[in-house]
Structures are given as C-alpha cells and as structure tokens.
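Summary of structural features
If you want the building blocks of each chain, they are given just below.
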Amino acid sequence: MARLAIVYHSGFGHTARVAEHVRRGAAAVEGVEVMLFAVDAVDWKALDAADAIVFGAPTYMGSVSAAFKHFMDQTSRQWLKQRWQDKLAAGFTNSGGLSGDKQGVLLQLQTFAAQHGMLWVPLPLMPEGTGPEDRNRLGSHLGLMTQADNAPAEITPPAGDLRTAEWFGRHVAERALRWVAGAA
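The rules behind these values
Residues numbered from 1 in each chain as written. Predicted model: local features only at pLDDT ≥ 70, side-chain atom pairs only at ≥ 80, totals over all residues. Heavy atoms only, no water. Helix = DSSP H or I, 4+ residues; strand = E, 2+ residues; numbered from the N terminus. Rg over C-alpha atoms; globule rule 2.2 N^0.38 Å. Buried < 20%, exposed > 50% of the residue type's maximum accessible area, 1.4 Å probe, protein only. Contact = heavy atoms within 4.5 Å. Areas by Shrake-Rupley, 256 points an atom, 1.4 Å probe, with all protein chains shown as cover. Expected span 1.5 Å × (residues − 1). Arc of directions from axis to C-beta.

Looking only at helices and strands, one finds six helices and seven strands in the protein. Order of helices (α) and strands (β) in the protein, N terminus to C terminus: β-α-β-α-β-β-α-α-β-α-β-β-α. For 184 residues, the compact-globule formula gives about 16 Å, and the C-alpha radius of gyration of the protein, at 15 Å, lands near that figure. Oriented by its inertia axes, the alpha-carbon framework of the protein measures out at about 40 × 35 × 25 Å. The buried share among the 184 residues of the protein stands at 49%. Taking all contacts inside the protein whose residues are at least 6 apart in sequence as the whole, residues at least 24 apart take part in 77%. On the protein, roughly 8,300 Å² of surface is accessible, and the fraction owed to carbon and sulfur atoms is 53%.

All right, on to the environment of Phe-112 then. Tracing the backbone shows Phe-112 in helix H5 (residues 102-115). Exposure remark for Phe-112: the relative accessible area of 4% places this residue in the buried category. C-alpha of Phe-112 to C-alpha of Thr-75: the two residues are 37 residues apart in sequence and 9.9 Å apart in space. If we skip the residues at most four places from it in the chain, Phe-112 touches Phe-55, Phe-71, Met-72, Thr-75 and Trp-84.

We now examine H5. Compared with an ideal rise of 1.5 Å per residue, which puts 14 residues at 20 Å, H5 spans 20 Å between its outermost C-alpha atoms and is within 8% of the ideal. For H5, the set of buried residues is Lys-102, Val-105, Leu-106, Leu-109, Phe-112 and Ala-113. Looking straight down H5, one finds that the buried residues subtend no more than 120° of arc, so they occupy a single side. On its buried face, H5 sits against strand E3 (52-60), strand E4 (63-64), helix H3 (66-74), strand E5 (88-95), strand E6 (119-120) and strand E7 (144-147). Of the residues one or two after H5, Gly-117 is the one with positive phi, at around 80°.

Now the structure itself:
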C-alpha cells in the first residue's frame, strides 16, 4: 500500500478542480490510498506519513499564490526534522493565460521539494496536440500545467487538461507503488 497526498490552494476553484482530477487518476491505481487537502485544512501527520506528495498551486504573477507560499513556510518543522526526506514529490499549476509563467511555479515547487530532500516525479507525456481536447497540450514535462481561460471553474480547464491531470495522478501513484515496493 502506498499513501499519496495532494495539497493545493485554489483561489477561484480552477486549481481545486484540477486537484480533484489528479486525485481521481491516483485513486484509480489499486493499492494506493489518496488524500486531498486544501492548504487551509492540512493534516500534518497524514503528510508526514505519505509516501508521495503532489503540490498544486495557481500561478499568480509568475509565482505560487500567497496562500500556497504560506503553506510552504509552515513546513519548516518538517524540514528541520527532515520528515519528508526521500518521499516522492510532484506538482501542478493552473493559470488563466496559456503561459502565465507556469514554468516558474513548477520550478518553485521542485525547489521546495528538493529543500525537503524529496525526489521529483515529472510529467513524461508527449503532447498530443494543442487543442482543448488534447492531453498535455501545453507541452510541459516538469509537471502538470493547465489553463483556465479566465472562465468559471465549472467549464474550464478544458477536457484535455483534466484528462492530463488524471493521467498525471495515475503516473505519480504508480511511481509511489514502485517506490514503496523497492523500499520493502
């Protein structure tokens, strides 16, 4: 059994919707327990016990949101005790613009994970195209990028981005199972 936690902040509902699709994908993998936490309702013991943690934040002005940064700052106790060392980590971000400097957010999340001694899981999915139905249409490999088109969360991100999120959740969950089996 592998335990995978998803921690996210969502200002307008878009990142929460993506987090739910990452959760669905991970939950489809037999032998994986998936926990989903908004940053204002984190269960620290559950995060410390997780084998993998997926971080999700909207891209605001080329960075994670202030609420997600606050969560990052709150992890100083985990860092000091190295509670997350050798866990798997992955990340996702959403913005209204096609770019919005999402790559900077993924790098920020990867650096954060590295400071905790975590091992990063990328998104090794070749882009299928650039249309709204295509998986990995934004061509990211460092982590999951989605785009909300500045529309309500009920209708965006588009279907291809949500399918990519589910694929990504399965991918990270499968890696977590392998990681746990290898440790045994």
